[in-house]
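A closer look at the structure
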Amino acid sequence: MENAVNTSTAGSGGQIVVAGAGYAGLHVALRLSAKLRNNPAVGLTLVDRHDYHQVITELPRVAGGTRAADAVRIPLQDVLSERVRFVQTEISGFDLAGRRLLTEAGPIGWKWLVLALGSRPNDFAIPGLEQRTLSLYSASDAERVWAAASKALDAAAAATDSQEQRRLATVVVGGGGATGVELAGELAEMLPEVASRHGLAPDRPAVQLVEAGPTILAGSSPQLIGKATRILADLGVHVRTNAAIAAATEESFRLKDGQLVEGGVFVWAGGVKAPELVANSGLPTGHNGRVKVDQYLRVLDHPEVYVAGDLASVTDPRTGHVLPSLAQVALEEGETVARNLDAELRDRPLEAFTFHDKGFVVSVGIHRGVADIAGITSGGQLAHLLKDAIEWEYRQSVKHLRGWDPVAR
Ligand SMILES: Cc1cc2nc3c(=O)[nH]c(=O)nc-3n(C[C@H](O)[C@H](O)[C@H](O)COP(=O)(O)OP(=O)(O)OC[C@H]3O[C@@H](n4cnc5c(N)ncnc54)[C@H](O)[C@@H]3O)c2cc1C
């Protein structure tokens, strides 16, 4: 592990540098470390601001107080082999012409660069949103959400007026996609359970889910949406659809139709965009600032730069739509990037990326969930168990990929 780099690496011959140790970047590093086992001439460097990998799909559980933040941080030193040089630093920009990644620890030279910097919350320039809402994109963010909800319960317990108690103990979640639904479900189940510990009646906390579109979980099957809506209603979540937020104030979301959604804690889960540093990088960008790539996941006009994960703008030829920001997409793209870099080193043809959709699973509360897999929709405890199994399998794969390569020759 390193936290400083030698600028002499700039322009070095066989250096592959992977920027970002999230789902896509870590997968590339793990896969390549096995593929490069017998090729010491090629250096492999992984760069991230954190010395741990975050299991982002489990953040709603941290935000709902059912999992510790450290439980979703996997130390990179536990999963990276010695083949990978890890540099912990903030990436500040790209020198594409000089083939250098610019970081707070100095420039890092590359022959091939893999960009896997993920996303950040998109506030769509809604006034007050950035200042007045919490977000949910890191373990620390999730800790902040649970801390704020707990603090709000204390404040509610100290209030004398019952209406004020209800307002303070209400968490309002903006955005009815998978993140918003998972968060609302966790909180709706947990807050009444912990209310008495804060000196508050269990019927005082409330959760509101505010969605601009006509439905939650947009793009999912009507069956799945129906099942998720019923579970949320059963948990007491007040779902408001067709409710576009015009502004966030101290005590409410003001909707475009003038209504106020009041609460004590506000969380924004309404969308993501590419990190800001990509916008001024000279890289070709499309929807939400994501980087445009060719069929092999190389940046258009920069074949020496690959992109994987949320940062890549990849159109699914079957639907004509850009693939969604999902961990399963990031992992598959990471797999293709690792194979293509290996192919470049062996002078073999590159492989075009194809996404194999494994289905969609969303937890709704701490015991139930909904799933659409192979055209079959399920809802209830089985779907929640499925989500647990997917997350368990992912953790196992991160451990085992360390030296494993199914196509190593
Ligand atoms: C709350 C939540 C729940 C989700 N649940 C699911 C789910 O159930 N299923 C699913 O398929 N998807 C889910 N997703 C989406 C999924 O998490 C993302 O699609 C996935 O993380 C994308 O992987 P990535 O590698 O592109 O980015 P990330 O996993 O975000 O990794 C990016 C990495 O880059 C690093 N980085 C970024 N900028 C810099 C910088 N300037 N300097 C240094 N390092 C930097 C970060 O520290 C991070 O390690 C969820 C997302 C959220 C927010």
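Located above this text is the structure these notes cover.
Residues numbered from 1 in each chain as written. Predicted model: local features only at pLDDT ≥ 70, side-chain atom pairs only at ≥ 80, totals over all residues. Heavy atoms only, no water.

Strands pair in a sheet through their backbones, by hydrogen bonds, and they do so in one of two ways: parallel or antiparallel. Overall, mixed pairing links the six strands, which are arranged S5-S2-S1-S9-S21-S20 in an open sheet. Looking at the sheet topology across the chains shown, the edges are occupied by strand S5 (84-88) and strand S20 (298-299). By the bridge criterion, five bridges tie strand S1 (residues 15-19) to strand S2 (residues 43-48) in an arrangement that is parallel. Paired with Val18 across the bridge in S2 is Leu46. Helix H1 (residues 23-35) contacts S1, S2, S5 and strand S9 (112-115) of the sheet and is inclined by roughly 160 degrees relative to S2. (Pairing = 2+ DSSP bridges. Helix = DSSP H or I, 4+ residues; strand = E, 2+ residues; numbered from the N terminus. Contact = heavy atoms within 4.5 Å. Axes fitted to C-alpha atoms, helices over the stretch in contact; angles between N-to-C directions.)

The subject of this paragraph is the site of the ligand. Lining the immediate environment of the ligand, one finds 29 residues, of which Ala24, Asp48, Ile91, Asp310 and Lys387 sit closest. Contact distances for the ligand include 2.6 Å between an oxygen atom and a side-chain N or O atom of Asp48. Between Leu326 and the ligand, the recorded distance is 3.1 Å, taken from a backbone N or O atom to an oxygen atom. Computed on the free molecule, the ligand has an accessible area of 1,000 Å², of which 91% lies beneath the protein chains in the complex. For the shell around the ligand, the elements supplying multiple residues, two or more each, are H1 and helix H10 (327-345). Among the elements that make up the shell around the ligand, the one with the highest residue count is H10 (three residues). Considered class by class, the residues forming the shell around the ligand number 14 nonpolar, 10 polar and five charged. (Near = heavy atom within 4 Å. Polar contact = N/O pair within 3.5 Å; in protein donor to acceptor, adjacent residues only side chain to side chain. Areas by Shrake-Rupley, 256 points an atom, 1.4 Å probe, with all protein chains shown as cover. Nonpolar A, V, L, I, M, F, W, Y, C, P; charged D, E, K, R; others polar.)

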